[in-house]
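Chain by chain, the residues:
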Amino acid sequence: MPFIPHTDADVRDMLAAIGVTDIEDLFDEIPAALRAKGLDGVPPALSEMETLRLMRERAGQDRPMLNFIGAGAYEHHIPAAVWEIATRGEFYSAYTPYQAEASQGTLQLIYEYQTMMTGLTGMEVSNASLYDGASALAEAVLMAVRLNRRAKTRKVLVPASLNPAWRATTHNIVHNQGIELVDLPCDPASGRLDPAALSAYAETGAATALVVPQPNFYGVLEEVDALSDWAARHGVIMIAAVNPMTLALLKPPGEWGESGVDIVVGDGQPLGAPLSYGGPYYGFMCTRKQHVRQMPGRIVGRSVDADGKPGFVLTLQAREQHIRRSKATSNICTNQGLVVTASTIHMAILGPDGLARVAGASYANTHALAERAAEVGARRAFAGEYFHEVALRLPRKAAGVCEAMAADGIQAGYDLGRVDPALSDVMLVCATETKTADDIDRYIDSLKRALKG
Amino acid sequence: MPFIPHTDADVRDMLAAIGVTDIEDLFDEIPAALRAKGLDGVPPALSEMETLRLMRERAGQDRPMLNFIGAGAYEHHIPAAVWEIATRGEFYSAYTPYQAEASQGTLQLIYEYQTMMTGLTGMEVSNASLYDGASALAEAVLMAVRLNRRAKTRKVLVPASLNPAWRATTHNIVHNQGIELVDLPCDPASGRLDPAALSAYAETGAATALVVPQPNFYGVLEEVDALSDWAARHGVIMIAAVNPMTLALLKPPGEWGESGVDIVVGDGQPLGAPLSYGGPYYGFMCTRKQHVRQMPGRIVGRSVDADGKPGFVLTLQAREQHIRRSKATSNICTNQGLVVTASTIHMAILGPDGLARVAGASYANTHALAERAAEVGARRAFAGEYFHEVALRLPRKAAGVCEAMAADGIQAGYDLGRVDPALSDVMLVCATETKTADDIDRYIDSLKRALKG
Amino acid sequence: MLIFEHARPGRRAPAQAPLQTADTAALPERFRRRSATGLPEVSELQAVRHYTRLSQKNFSIDTHFYPLGSCTMKYNPRGSNAAAMLDGFLSLHPHTPDAHAQGMLACLYELQEMLKGVTGMRGVSLTPMAGAQGEFAGVAMIRAYHEARGDHARTEILVPDAAHGTNPATATMCGYGVREIPTDSEGDVDMEALRAAVDPQTAGIMLTNPSTLGVFERRIHEIAAIVHEAGGLLYYDGANLNAILGKVRPGDMGFDVIHMNLHKTFSTPHGGGGPGAGAVGVGERLLPFMPVPVVARESGQYRLLTEADMPQSIGRLSAFMGNVGVLLRAYAYMRMLGHEGMQRVAEYATLNANYLAVRLRDAGFSLAYPQRRATHEFVVTLKREAKETGVTAMDYAKRLLDYGYHAPTTYFPLLVPECLLIEPTETEAREDLDGFVESMATIRRESMSEADMVKGAPYRLPNRRFDEVRAARELDLRWQPSS
Amino acid sequence: MLIFEHARPGRRAPAQAPLQTADTAALPERFRRRSATGLPEVSELQAVRHYTRLSQKNFSIDTHFYPLGSCTMKYNPRGSNAAAMLDGFLSLHPHTPDAHAQGMLACLYELQEMLKGVTGMRGVSLTPMAGAQGEFAGVAMIRAYHEARGDHARTEILVPDAAHGTNPATATMCGYGVREIPTDSEGDVDMEALRAAVDPQTAGIMLTNPSTLGVFERRIHEIAAIVHEAGGLLYYDGANLNAILGKVRPGDMGFDVIHMNLHKTFSTPHGGGGPGAGAVGVGERLLPFMPVPVVARESGQYRLLTEADMPQSIGRLSAFMGNVGVLLRAYAYMRMLGHEGMQRVAEYATLNANYLAVRLRDAGFSLAYPQRRATHEFVVTLKREAKETGVTAMDYAKRLLDYGYHAPTTYFPLLVPECLLIEPTETEAREDLDGFVESMATIRRESMSEADMVKGAPYRLPNRRFDEVRAARELDLRWQPSS
């Protein structure tokens, strides 16, 4: 019986202690008519050996490719120490640290995480993480609605340059509460939010919040200072959606414009989570100290124990569902503890200089690739400054190019036609620090062939 | 500077404290003429990312094969928990447990290991491990010479059915001390030691020790009871060389014949060490309690501390080189701590029933394969009972068959022609519990083609 | 010591980043960061040592018995972890075209099928990233269903008062009002109150069965009939699925939608607070509304269904597929358990819970529902002990830590005073249950002779008891160089 | 509690073995086991929990500063471990034909080449499985060399009295007699004594440079000349190679043969006592005698050289290639260090040792060789302290454990009374050295006021001090059900 330690003698003695003769007797309160007839669809047991062999075959079934796709998930080096430590049993198999005295490892780590995230974003407080970047944005929108009591309508402005999956997720989570996402167009030349689009919402109370991605989905850098100032001026809650890796070099949202933003969210994946076909990653959220009681999710605080010795506890639980039930800030209970554990170790090992080198190399590699691609006929689709992703306009459909290059073992990029038919000849490409000069050569060679084909 | 934590300020302050101005000053006692001009052959540094990418390429460079080779190293399932726990920093990066109070984890584990090995072998005491099975046999021979003061010459009898690499290793290690290995022929029909060969050494003192492998190199089971009794009768130290996995089903050396053997050695690899191209494995050694002071290697004992609380220490260190120097039982200091750690966890998880199932499945799979192979023209080379390895005589050179089957992605077996030209048409094949019925089908199909080819 | 206190300006772990600094001079000034990131500057060894030592301060399943009610803290097989951490899975980009992700999709598809089998539901979507998101998906589907039928009058979700806090919170997030249904003295839903509450505004009811009181709701069929007749749907909170796995299937009980906490019943790691996975299963009526992506199998090939394939879907709830690494661990676990193993989970979880309940009762403790069978968990009330000695459930919880046991869940469910909710799970050995009973009895004795000592517990951990009220009042949420 | 005490008859971890019992009825009775194996019958969770908790009782580099002289306890990069644990390496059978093991052989070949580069030797064999086996290989080669020349008169190996115990033990294993050479007051070899000892019986001399006294033997060239002139060869014990990496090469000092402890200088894990790796390097004269297998590169392909290729080889010293997994870790480490990093190892190891020595001296401790530079390690003598307070080097060692520092090596080298041999390594940060000094000073103060307390240390560990004499007298070497 896999994972069940009971011997026959144990079972006999335990049943006797309970006063029944058979384990089945313990289910006698369940109406007979309801009893399961069997479990269709569950095959016979495999041993661990068989399971691992099966999983190895599955993991090896598809050809490994040289990956140049970003579009929301980014391939970065993760130090070997990171997951070796994160998967130590004491982190891996611990529960939420409700019993603070028995959970100082996890609690201190989260406190350190919160410190790192506030440092990276330039904000004052951070929660202990949310599910992922997309759902964190949804939570930020709900939080903005709670914060902005002045707004007459529940309109949240989102630029077309926002990751469309994030937009969809946010809509799906918030729309039942009567919140409307208003799409702001993107300037087709620069690939940035068109500032003219904002003027319709300049009246105070016309919009609850403004979401600004940096870099945006096309890899382009938004003019965040101006946008931030606009929001502050018009009583609009400013939400930044950022890639935290880029913050090693890019201005942190806490410093955008005159007074910084109100809420920062993003996906922590680039900071230590493997691609893993989309998850688990984690969403982070930082805000101003004055907003902390409207922030959803767990928060760790430093305190002292009965002896006056410092330590860490979950705090501000009165916001949460297990205390406030239907009046909670969110229904969320879980954070992405294990990924945050890995990510905190990742950030500690990389440090400020390491992360800046990763960001710098990603920036430089993508720029090098874009320049080389232009030489073979794939020019930038947008004129705006870009960071480590670039949209390339191709002389043919992106889908075909991706397919052709896949035959060379290269994931060429993300076909923007998948989200916008008008961009079906545009491919979003990302070359992080994991890519060597040889890799880029290989890419360009393959691209050249694909464009001819 | 990889793995060096010093900041410029640290270096400055530390040099000032020492009273020198430059790190180079610290090397001023080294004669200038000796100073290295540079390090030829060491390439520039790679990052961990680059190193892992290189190593992944190397590890993936050769086609993975379905492996049917044994011949001293055996493919078995290792529970995932085993190496996850063994590589925890506290085991992985600890030193030899000389400071007992700070090393109870490793010490208790070794005590448990010693208990398991004595249980498996049916002996009274075990050391904490030696390098590998082959060198453990060499140490056993040296120990036998120390034990057997009656012997007139330093002659140790070794059957031709002993693993030739073990024979060679033993010779290479012991011959400088005037010890002679005497080869006893193998009965070509049965594949077992020819008992007639012993008669020449029946006179007391004619031989120091007799080595008996079980199963022997050809996979054949020796008549260990008779051999053991012969040795006891003639004052010859009896050394058993066994595969510990098989002891789940085979009679343990402590119970061979009337009184068991004197020394048991073997390679622990089948108990939790991956194949890893030959190492690290570990050698084990067990003996009678009365011989313990002549046993080489570390030994852990249970004791009590100043409060009377039980715990574990390295003991009988007076035998060892760091105390007795030129009079030590061996020059060995290290045991194979980390592999023993893994192996102990491995044995604990498998337990008696698990190990018996592994042994049973290996036995049954090899027998099934041998029977199927006979149908396609590869018959057993030896008539003796075999366990989980079998020597198949082929209608053509084994080398060619191996090569042909390699093209099908199968490592068909070990070509015995590599060690005995007379056996160049014999292939030693092993099918452990890792092999499924499908794998064996695939093997037989490929063999059939290879034999036709 | 905090990691920041090991830092020194200029200290680095150079092997872990590109060895050369890239040229980023072209990045315009206005986008550039000027301030420090505040990340610690430590060596690789310092980081490894710091976090290794930190980890040792945690209780965990791998180190301690962890009878935390409602959390199903059972053994997380290391084989599941190894399977999910295979390079081929970890390096797969989520935008990989389906044709190049067939190995991964095969695992996910089979996981969907197995979950359908064990729940008796018609469809499964794996994408919700935690139980609470699964709940959200479930209630959002209920809402979408009513709206698709033009039934806009339903504004209310019924929730028993014993429910997890996520249930009412979820209803709120989906724009519903919440009406609480009381519990009767035997721990079942109060049927009279239910009948009175059901009306044309009822969108549905959220139920856990067995309930959070550790008892099986016997009249579930009747409840289903009442709610269904009124046009409402039944939502099954799968938090307690471990109790009935292989014994009863939510689909057979009449539920229309269910979420499953894969990190409970299917033993993926809790990870110090996540990631979880909250797959949802639906009956016929809700099939079109499942959140995307869902994995489909078409002529031997797997592909992801998106909004385009399922126009009535409540849509995606995350950027990609959800917590795939968690799903793979659940898949490996289910394959290792197999058909027979899956049936034994509830049997031995229930055996352990009933044994532990009886032993505690025999040791003098009061069960909240002594006349009922325990399911996989049960409630002890220390009301009497608290009155007699002043030692509360929280004090017991803290003192248990001293004895090497993680505390049970305290003060939940809310309607039982001074309660401990205890769930031993099927993977604990009998002698560990006995040891727990012994420690509880010891604390009871201690309470009589030295109550103050017990109230001061714990003593044997890195910290004594924390003042959590003060923590919330004097907020210190990040380290600052001056602090 | 021992793992055996968690066992119950019939308890199992069924996922870890074949699910079906195979038919072994054909195995004849006389070969069959009748007795129990005595392996523990535990569940997988019990084993995981037991060994996880056991591990926490260890000091280790990953948790503590570990200034153990002569052991080079520096950070073992986790990247090296990840590289060596790649499936493609772990699953490679040692009898795989060379043509199918090219990736592995490439790593090993390049490791040989790099080791040649850093030592200045002409050839390297990776096969010895530990330092002591490397020593054996080295002395066996010296013997083979003399014998190949028909020079059978040489029966003696010279060994300085400060040497590691392995040196004389190795000489004995190779059939040589041992003659000890005394050390002069500055820690160098006594040249007069050396000259007097060298004669036609001299097969060679075994030297560590820097010596175990933590000083560099300045007259090494002169020593080489004396021994070489007498027809003997020079053996370099590489235990202290970390001190001179990139600064001096044994080959340039005149050594004929050297072993390297890859688990020291090249930072493969010590693993609680192994596995190590003791690669040997040789000069021109000993090239033909190297132990096999050695990896060769021929027209772009790698292959293993065996006895057939090297008929004068001292042969193989293990069944296969040696501790390959250790070699891969050393290879990964060397690639990460690279050319420049390799040079910095000795620099920072030496900086740390000299800094720590000076700080301890300033705190009032006596250095054994105060007039000398420390190398990567140094010797403190507590003779005065022991005389004044009765607190010995062993007491300091045990009390340091209470302060969270692993003890330095005690009572070695043998010729310095009450000594601690201290090696901080290059991977420790300055503030950790400072913390160590502070604790030493604290113990010194404690020794004056409460010597008995110090002599009773440790207090803060799972166990108090053990009686090792009793352990050796009343042998308890395995658990027995009755015990």
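Residues numbered from 1 in each chain as written. Chains lettered and ligands numbered in written order. Predicted model: local features only at pLDDT ≥ 70, side-chain atom pairs only at ≥ 80, totals over all residues. Heavy atoms only, no water.

S.K.: Would you mind showing me how to read the sheet that holds strand E7 (residues 263-267) of chain B here?
M.R.: Through backbone hydrogen bonds, the strands of a sheet pair up, either in parallel or in antiparallel fashion. Residue and element names in this part refer to chain B. The sheet built from 7 strands is open, its strands ordered E2-E8-E7-E6-E5-E3-E4 with mixed pairing. Strand pairing shows two members of the sheet lacking a second neighbour, strand E2 (125-126) and strand E4 (180-184), which therefore form its edges. Relative to E7, strand E6 (residues 237-242) runs parallel, the two sharing 4 bridges. Among the inter-strand pairings, alanine 240 is bridged to a residue of E7, identified as valine 264. Sheet strands in contact with helix H6 (residues 133-147) are strand E3 (155-159), strand E5 (209-214), E6, E7 and strand E8 (283-287), and its direction is about 165 degrees off that of E7. (Pairing = 2+ DSSP bridges. Helix = DSSP H or I, 4+ residues; strand = E, 2+ residues; numbered from the N terminus. Contact = heavy atoms within 4.5 Å. Axes fitted to C-alpha atoms, helices over the stretch in contact; angles between N-to-C directions.)

S.K.: Explanation requested: the UniProt feature "domain: Glycine dehydrogenase C-terminal" (unreviewed entry) in chain C in the structure shown.
M.R.: UniProt feature "domain: Glycine dehydrogenase C-terminal" (unreviewed entry): in the numbering of this structure it lies at residues 346-447 of chain C. Secondary structure within residues 346-447 of chain C divides into 51% helix and 12% strand; the distance between the first and last C-alpha atoms comes to 35 Å. (UniProt positions renumbered as here; feature names shortened; annotations may be inferred.)

S.K.: How do you make sense of the sheet that holds strand E10 (residues 366-367) of chain C when you look at a structure like this?
M.R.: Residue and element names in this part refer to chain C. The strand order across the open sheet formed by 4 strands is E10-E11-E13-E12, and the pairing between neighbours is antiparallel. Only two strands of the sheet have a single partner each, and these edge strands are E10 and strand E12 (409-410). The strands touched by helix H11 (residues 324-362) within the sheet are E10, strand E11 (378-381) and strand E13 (419-422), with E11 carrying the most contacts at an inclination of about 15 degrees.

S.K.: Help me out: how do you make sense of the domain arrangement of chain A in this one?
M.R.: It is common to give the size of an interface as the accessible area that goes away when the parts come together. Here the domain parsing of chain A yields domain 1 (8-60), domain 2 (66-75 + 351-451) and domain 3 (80-346). For domain 1 of chain A versus domain 2 of chain A, the separation of C-alpha centres amounts to 50 Å. (Domains from an automatic or database assignment.)

S.K.: Looking at this structure, how should I read the environment of aspartate 452 of chain C?
M.R.: Here aspartate 452 of chain C is to be found in helix H15 (residues 451-455). As a C-alpha pair, aspartate 452 of chain C and histidine 263 of chain C span 189 residues in sequence and 38 Å in three-dimensional space.

S.K.: How should I be thinking about the domain arrangement of chain C in this particular structure?
M.R.: Residue and element names in this part refer to chain C. Taken domain by domain, chain C consists of domain 1 (79-337) and domain 2 (339-468). Between the C-alpha centres of domain 1 and domain 2 the distance comes to 30 Å. Facing the 29 residues of domain 1 at the interface are 25 residues of domain 2. When domain 1 packs against domain 2, the two sides together hide about 2,100 Å² of surface, and 58% of this comes from carbon and sulfur. The largest contributions to the domain 1 side of the interface with domain 2 come from Leu213, Asn242 and Leu337, which together make up 28% of the buried area. (Buried area = accessible area lost by both parts, 1.4 Å probe.)

S.K.: Would you mind going over the interface of chain C and chain A with me for this structure?
M.R.: With 195 residues of chain C at the contact, the number on the chain A side is 185 residues. Carbon and sulfur atoms make up 61% of the surface buried where chain C meets chain A, a total of about 16,300 Å² over both sides. Where chain C touches chain A, the interface holds 11 salt bridges. Here aspartate 307 of chain A makes a salt bridge to arginine 464 of chain C, at a shortest N to O gap of 2.9 Å. (Salt bridge = Lys/Arg side-chain N within 4 Å of Asp/Glu carboxyl O.)

S.K.: How do you make sense of the interface of chain D and chain A when you look at a structure like this?
M.R.: Counting residues at the interface gives 20 residues for chain D, matched by 18 residues for chain A. Taken over both partners, the interface formed by chain D and chain A buries close to 1,300 Å², and the fraction arising from carbon and sulfur atoms is 55%. Taken as a group, Ala15, Leu19 and Arg78 of chain D account for 33% of the area that chain D buries against chain A, more than any other trio of residues on that side. Between chain D and chain A we count 3 salt bridges in total. Of the charged contacts in the structure, one is a salt bridge between arginine 11 of chain D and aspartate 10 of chain A, with a shortest N-O distance of 3.2 Å. At the surface where chain D touches chain A, the tally comes to 8 residue pairs in polar contact (both at pLDDT 80 or more). For the side of chain D that touches chain A, the secondary-structure elements that each account for two or more residues are helix H1 (44-55) and helix H2 (78-84) of chain D. When residues in the side of chain D that touches chain A are grouped by element, the largest group, 4 residues, is from H2 of chain D. Across the side of chain D that touches chain A, the residue classes tally to 7 nonpolar, 7 polar and 6 charged. (Polar contact = N/O pair within 3.5 Å; in protein donor to acceptor, adjacent residues only side chain to side chain. Nonpolar A, V, L, I, M, F, W, Y, C, P; charged D, E, K, R; others polar.)

S.K.: Would you mind showing me how to read the packing of aromatic side chains here?
M.R.: If you walk through the whole model with that rule in mind, you get 38 aromatic pairs over all chains. On the numbers, 4.8 Å between centres and 70 degrees between planes, the contact of tyrosine 236 of chain C with phenylalanine 255 of chain C is edge-to-face. Taken together, the residues tyrosine 236 of chain C in strand E5 (residues 233-238) and phenylalanine 255 of chain C in the loop between helix H9 (250-253) and strand E6 (257-260) connect sequence positions 19 residues apart. Taking relative accessible area as the criterion, tyrosine 236 of chain C reaches 0% and is therefore assigned buried. When the ring of phenylalanine 365 of chain C is compared with that of tyrosine 396 of chain C, the centres are 6.0 Å apart and the planes differ by 85 degrees; the resulting orientation is edge-to-face. Of this pair, phenylalanine 365 of chain C sits in the loop between H11 and E10 while tyrosine 396 of chain C sits in helix H13 (residues 393-402), and the two are 31 residues apart along the sequence. Judged by its relative accessible area of 3%, phenylalanine 365 of chain C is buried. Among the aromatic residues, those joined into a cluster by ring pairs are Phe217, Tyr218, Phe382 and Tyr414 of chain A. Sitting over the face of the ring of tyrosine 176 of chain C, arginine 143 of chain C holds its NZ or CZ atom 5.3 Å from the ring centroid. (Phe/Tyr/Trp six-rings, centres within 6.5 Å; stacked < 30°, edge-to-face > 60°. Buried < 20%, exposed > 50% of the residue type's maximum accessible area, 1.4 Å probe, protein only. Lys NZ or Arg CZ within 6 Å of the ring centre and 35° of its normal.)

S.K.: In this structure, what is going on with the pattern of salt bridges? I would like to understand it.
M.R.: As a working rule, side chains carrying opposite charge can pair if their charged atoms are close by. Enumeration over the complete set of coordinates arrives at 132 salt bridges over all chains. Between arginine 249 of chain D and aspartate 40 of chain B there is a salt bridge; the shortest N-O distance is 3.9 Å. Of this pair, arginine 249 of chain D sits in the loop between strand E5 (233-238) and helix H9 (250-253) while aspartate 40 of chain B sits in the loop between helix H1 (8-18) and helix H2 (48-61), placing the two residues on different chains. Note on arginine 249 of chain D: relative accessible area 12%, which makes it buried. Relative accessible area serves as the criterion here: at 52%, aspartate 40 of chain B is assigned to the exposed category. Two residues, glutamate 110 of chain D and arginine 335 of chain D, come together in a salt bridge whose shortest N-O distance is 3.3 Å. With glutamate 110 of chain D in helix H4 (residues 102-119) and arginine 335 of chain D in helix H11 (residues 324-362), the pair connects residues that are 225 residues apart, well separated along the chain. Through salt bridges with shared partners, a single ionic network connects Glu29 of chain A together with Asp184, Glu186, Asp188, Arg218, Arg219 and Arg372 of chain C.

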